[in-house]
Amino acid sequence: MKYLILFAFLLSGFSVFAQKINNAYNLRIAETRAPVVVDGLLDEDAWKNAEPAKNFFMVGPMDTSFAKVLTEVRMSYDKDNLYISAVCYQPNARSYAVESLRRDFAFVKNDNFLLILDPFDDQTNGFTFGVNAAGAQWDGLIFNSNGYDLSWDNKWYSEVKHYDDRWVFEASIPFNSIRYKKGIKTWGINFSRMDIKVPEKSAWAKIPRQFNVASLAYTGNLLWDNPPPDAGTNVSVIPYVLSGLTKNYQTNTNTIFKKEIGADAKIGITSSLNLDLTINPDFSQIEVDRQVTNLDRFELFFPERRQFFLENADLFANFGYSTIRPFFSRRIGLGVPIEFGARLSGSLDKNWRIGAMDMQTKSMEETGLPAQNFAVLALQRRVFSRSNIRFMFVNKQSVNYSPLENPGKPSFNLYNRNVGLEYNLASSNNRWVGKSMFLKSFSPQKNSDDLVHAANLQYTTKKWLISWQHESVGENYTAEVGYVPRTDYFKINPKLIYLFFPKAGKVLNHGPVVSSTYFFNRSFRRTDNETMLGYKFTQRSQSTFEVWASDNYIRLQRPFDPVNTGKGSLATGTEHVWKAGGFNYASKPQKMYTYNLSGQYGGYFANGNRLNLAGDLGYRFQPYVNIAMSTSYNHIVLPQTWGVTNFWLVGPRTDFTFSNKLFLTTFVQYNNQQKNINLNTRFQWRYKPASDLFLVFTDNYYPSPFAVRNRALVLKFTYWWN
């Protein structure tokens, strides 16, 4: 293990003095004295005098030539806003492909243009803004060089116009909507264009096809004539008022009328450091989670969607791995009202970033749950060219609470704390990435075997992906504010992918995928193993097809119900071995009708069998209506007491996007494993940028639409005031 860490440090050491890869790509930006009207016409002097960025390179399907479809980008600014325009040429600009006018669209399913910004020029963290060809906006945060989070939402303005041979994008981004270092005259920048009908993905600064277009390692330079203007005092207050009613038909209680008022505030401490405050927050307008059929032995993960937790969320949420998270914000306010909270996050300078959060929840008298305080501190220091070291401290504290004072009610821990340190490796060309981390938890009466260590290293080229990961989690490691579904194990996970690239034909690339995951207990006795061998084909039309086979072994560490319905449990220590095979297919995205299909068949626990078929079907009446249907069917045959079990999960969804400001979504989920039908209808009117009116109706019933279990109706009004 120590050699792996040393190897990672040596690798990043090679890139200490490495020059920025695309340092030769420079775009000069000059201040405009004349006003710019965001209307898509591009008739202002700012555009006539601006230097163009053109001659885009193809990123996909190949990356060895200039782009077929032409794009020209210009930028300017004044004391308040950053301006960008893009002319996207194509043979028939009125024949474009988009899903809808919904914000933060799926990148691969829409003709689009994106701006990638690295205001610190550190090739690590940044922003992305863009539109699809119908004018729907896209904005998000970029973290760890090429990961991005589209849940972030901010205030900016854009317009799209269509002509016979092009579509034109124009936008203004207020300086107080982004974070940047005062006085810096060079920003990292890139532009991306996707035309799925050609199909072609391209970028201004050249990017190898194995990386996504948000990769900050391959940005060029935006050269300012003068340092960007100081954003000045930046204070935004976002109040809300809410009215709603709920009724529980199962308990036949009276209808509950709800009236709430609260507010968020954003205070720009500096141009790169932001303080977020919230009082009595409410998140009833957040889209409902997508349900899944639960056949897992461990807790399922559902992503954070609440806006307050999202800016610079990578500082908090990305510490560790997908199943070792010392902090998971959905643990805060889960069925418990949040009283107030504060969050300081951003960059102190080019090398240091900070995230500090404190949240207070209310007590629940009916359950005995005390008021609790959640405090988190994250510090990140950049090292070498693009790597970083990160420290995290998480504290959950029960306030004014003693278990002895609540006889007959559940007992809760007085505190739970986590301390962690991790090193994130990113080579200058992004081929080598990795991580090494350590965690320790502190809880009452648990002070041994509570350590975590994990590390991974991945090498990526156009043809090869080779990775190694291992994890070690102590039996008493506890993260009450985190997501760690499994403890008391040691895991290794090697993976290899190789791609062949035919010189001609419909197939763009194909190749094998091999991976194996081994779990051992603390005595290094094998408890789980899954070895998979697959073969994947990617066509030039962007459709994909994969077949796979797997060999599985599980020795249960605790009793487990293989269908999670309470019919019975398999005993601890029993061993289960089976083989399975399956396929995955995704259709080309440029058609009005798209579909993804997958299936698997093979053994299951207790010498049983499992058949799974799943599909996602979609049809768009672009750009206003998008209809989708997600279906999953499981047929499980087990010995008595379980017998034959059939699980259906059906989720039709309809999106009406009357404009890029007016949305109506209806989502139905039928889940016979949970014995529930959920209906969620959400109307949103964005009457001003980042200011909304929501009307949300939620129904739960089973087994028929007339057997109502509970019902809720909420009207919420928010306003973003600067």
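Residues numbered from 1 in each chain as written. Predicted model: local features only at pLDDT ≥ 70, side-chain atom pairs only at ≥ 80, totals over all residues. Heavy atoms only, no water.

Things to note about the overall build of the chain
Then step 1. When helices and strands are counted, the chain shows three helices and 37 strands.
Then step 2. The C-alpha atoms of the chain give a radius of gyration of 26 Å, which matches the 27 Å a tight globule of 722 residues would have.
Then step 3. Per-residue burial for the chain yields a buried fraction of 52% across its 722 residues.
Then step 4. Across the chain, contacts joining residues at least 24 apart in sequence account for 60% of those joining residues at least 6 apart.
Then step 5. Total accessible area on the chain is roughly 31,700 Å²; 58% of this is exposed by carbon and sulfur atoms.
Then step 6. Side-chain charges in the chain split into 80 positive and 61 negative, and the spacing between the mean points of these groups amounts to 5 Å. (Helix = DSSP H or I, 4+ residues; strand = E, 2+ residues; numbered from the N terminus. Rg over C-alpha atoms; globule rule 2.2 N^0.38 Å. Buried < 20%, exposed > 50% of the residue type's maximum accessible area, 1.4 Å probe, protein only. Contact = heavy atoms within 4.5 Å. Areas by Shrake-Rupley, 256 points an atom, 1.4 Å probe, with all protein chains shown as cover. Lys, Arg positive; Asp, Glu negative; His and termini not counted. Charge placed at Lys NZ, Arg CZ, Asp CG, Glu CD.)

Considering the confidence of the model for the chain
Then step 1. Mean pLDDT for the chain: 91, with 97% of residues reaching 70 or above.
Then step 2. Note on residues 1-17: pLDDT is under 50 here. Beyond four places in sequence and across chains, it has 28 contacts. (pLDDT = per-residue confidence, 0-100.)

A word on the packing of aromatic side chains
Then step 1. What the rule picks out here adds up to 42 aromatic pairs.
Then step 2. Pairing Phe191 with Trp204 gives two aromatic rings, centres 5.6 Å apart and planes at 50 degrees, and the pair type is tilted. Remark: Trp204 occurs in the loop between strand E12 (200-203) and strand E13 (220-224) and Phe191 occurs in strand E11 (residues 186-195); sequence separation between them is 13 residues. Like Phe191, the residue Trp204 is buried in the burial classification.
Then step 3. A ring pair is formed by Tyr489 and Phe519, whose centres lie 5.3 Å apart and whose planes are at 65 degrees; its orientation type is edge-to-face. In this pair, Tyr489 is assigned in strand E25 (residues 489-498) and Phe519 in strand E26 (residues 507-520), connecting sequence segments 30 residues apart.
Then step 4. Phe519 gets classed as buried once you look at its relative accessible area, which sits at 14%.
Then step 5. Three or more aromatic residues joined by ring pairs make a cluster, and in this case those are Tyr25, Phe57, Phe66, Phe113, Phe169, Phe191 and Trp204.
Then step 6. Lying across the ring of Phe519, Arg486 places its NZ or CZ 4.1 Å from the centre. (Phe/Tyr/Trp six-rings, centres within 6.5 Å; stacked < 30°, edge-to-face > 60°. Lys NZ or Arg CZ within 6 Å of the ring centre and 35° of its normal.)

Notes on the nonpolar core
Then step 1. Core analysis: the largest hydrophobic core is formed by 40 residues, its most contacted members being Leu82, Phe169 and Phe191.
Then step 2. Put simply, the parts of the chain that give this core at least two residues each are strand E1 (26-31), strand E3 (71-77), strand E4 (81-89), strand E5 (112-118), strand E6 (126-132), strand E10 (166-174), E11 and E13.
Then step 3. If we skip the residues at most four places from it in the chain, Phe169 touches Ile84, Ser85, Ala86, Phe113, Val131, Trp156, Ser158, Glu159 and Val160.
Then step 4. Within the second largest apolar cluster, 28 residues are counted, among which are Ile338, Val394, Val473 and Phe519. (Core = buried A, V, L, I, M, F, W, Y, C linked by side-chain atoms within 4.5 Å.)

Topic: the pattern of salt bridges
Then step 1. Taken as a whole, this structure holds 37 salt bridges when the rule is applied.
Then step 2. With a shortest N-O distance of 3.7 Å, Arg390 and Glu422 are connected by a salt bridge. Taken together, the residues span a long stretch of sequence, with Arg390 in strand E20 (residues 387-398) and Glu422 in strand E21 (residues 415-426) at a distance of 32 residues.
Then step 3. By relative accessible area, Arg390 is classed as buried at 0%.
Then step 4. Taking the relative accessible area as the measure of exposure, Glu422 reaches 2% and is therefore buried.
Then step 5. Between Asp551 and Lys579 there is a salt bridge, and its shortest N-O distance comes to 2.6 Å. Taken together, the positions of Asp551 in strand E28 (residues 544-555) and Lys579 in strand E29 (residues 575-586) put the pair 28 residues apart, joining distant regions of the chain.
Then step 6. What makes Asp551 partly exposed here is its relative accessible area of 28%. (Salt bridge = Lys/Arg side-chain N within 4 Å of Asp/Glu carboxyl O.)

So, the side chain of Arg325
Then step 1. As for its position among the elements, Arg325 is in the loop between helix H3 (313-317) and strand E17 (338-347).
Then step 2. One buried charge, Arg325, has no salt-bridge partner; the nearest side chain with opposite charge is Glu422, at 6.5 Å.
Then step 3. A polar contact is formed between the side chain of Arg325 and the backbone oxygen of Ala317, at a distance of 3.3 Å. (Polar contact = N/O pair within 3.5 Å; in protein donor to acceptor, adjacent residues only side chain to side chain.)

Considering the pairing of E29
A regular strand places its side chains so that they alternate between the two faces of the sheet.
Then step 1. For E28 and E29, the ladder comprises 12 bridges, and the chain directions are antiparallel. Counted as the bridge partner of Val547 is Phe583 from E29.
Then step 2. Here E29 pairs with strand E30 (residues 593-604) via seven bridges, running antiparallel. Looking across to E30, one finds that Gly581 is bridged to Tyr601.
Then step 3. Where E29 folds back onto E30 in an antiparallel hairpin, the turn is made up of six residues. (Pairing = 2+ DSSP bridges.)

Observations regarding the pairing of strand E27 (residues 526-539)
Then step 1. Bridge count for E26 against E27 is 13 bridges, and the pairing is antiparallel. When the bridges of E27 are listed, Phe519 appears paired with Asp528.
Then step 2. Between E26 and E27, which pair antiparallel in sequence order, lie five residues; one of them, Phe524, sits at a positive phi of approximately 60 degrees.
Then step 3. Two strands pair when backbone bridges link them, and E27 and E28 are joined in this way by 11 bridges, in the antiparallel orientation. Pairing of Asn529 across the sheet is with Tyr553, part of E28.

Some words on the environment of Asn400
Then step 1. You can see Asn400 is positioned in the loop between E20 and E21.
Then step 2. Look at Asn400 and you get exposed, because its relative accessible area is 79%.
Then step 3. Taking the C-alpha atoms as reference, Asn400 lies 45 Å from Ala426; in sequence the two are 26 residues apart.

Focus: unusual backbone geometry
Then step 1. Note the cis peptide between Val198 and Pro199, where omega equals -15 degrees.
Then step 2. You can see Pro199 is positioned in the loop between E11 and E12.
Then step 3. Put simply, Gln622 and Pro623 share a cis peptide bond, and its omega is 0 degrees.
Then step 4. By secondary structure assignment, the location of Pro623 is in the loop between strand E31 (608-621) and strand E32 (625-637).

Examining a nonpolar patch on the surface
Then step 1. A contiguous nonpolar surface patch, about 900 Å² in accessible area, is contributed by Phe537, Phe545, Val547, Phe583, Met592, Tyr593, Leu597, Leu617, Tyr619, Phe621 and Ile627.
Then step 2. Listing elements by their share of the nonpolar patch, those giving two or more residues are E28, E30 and E31.
Then step 3. At three residues, the largest contribution of residues to the nonpolar patch is made by E31.
Then step 4. Take Leu617: it is sitting in strand E31. (Patch = residues over 30% accessible without salt bridge, like charges linked within 9 Å, V, L, I, M, F, W, Y side chains within 5 Å.)

Digging into the environment of Thr517
Then step 1. By secondary structure assignment, the location of Thr517 is in strand E26.
Then step 2. Of the residues examined, Thr517 reaches a relative accessible area of 19% and is grouped as buried.
Then step 3. In this structure Thr517 touches Lys491, Ile492, Asn493, Asp528, Asn529 and Glu530, once residues within four positions along its chain are discounted.
Then step 4. A distance of 3.3 Å separates a polar atom in the side chain of Thr517 from a polar atom in the side chain of Asn493.

Focus on the environment of Gln372
Then step 1. As for its placement among the helices and strands, Gln372 is situated in strand E19 (residues 372-383).
Then step 2. C-alpha separation for the pair Gln372 and Met359, spaced 13 residues apart in sequence, amounts to 8.3 Å.

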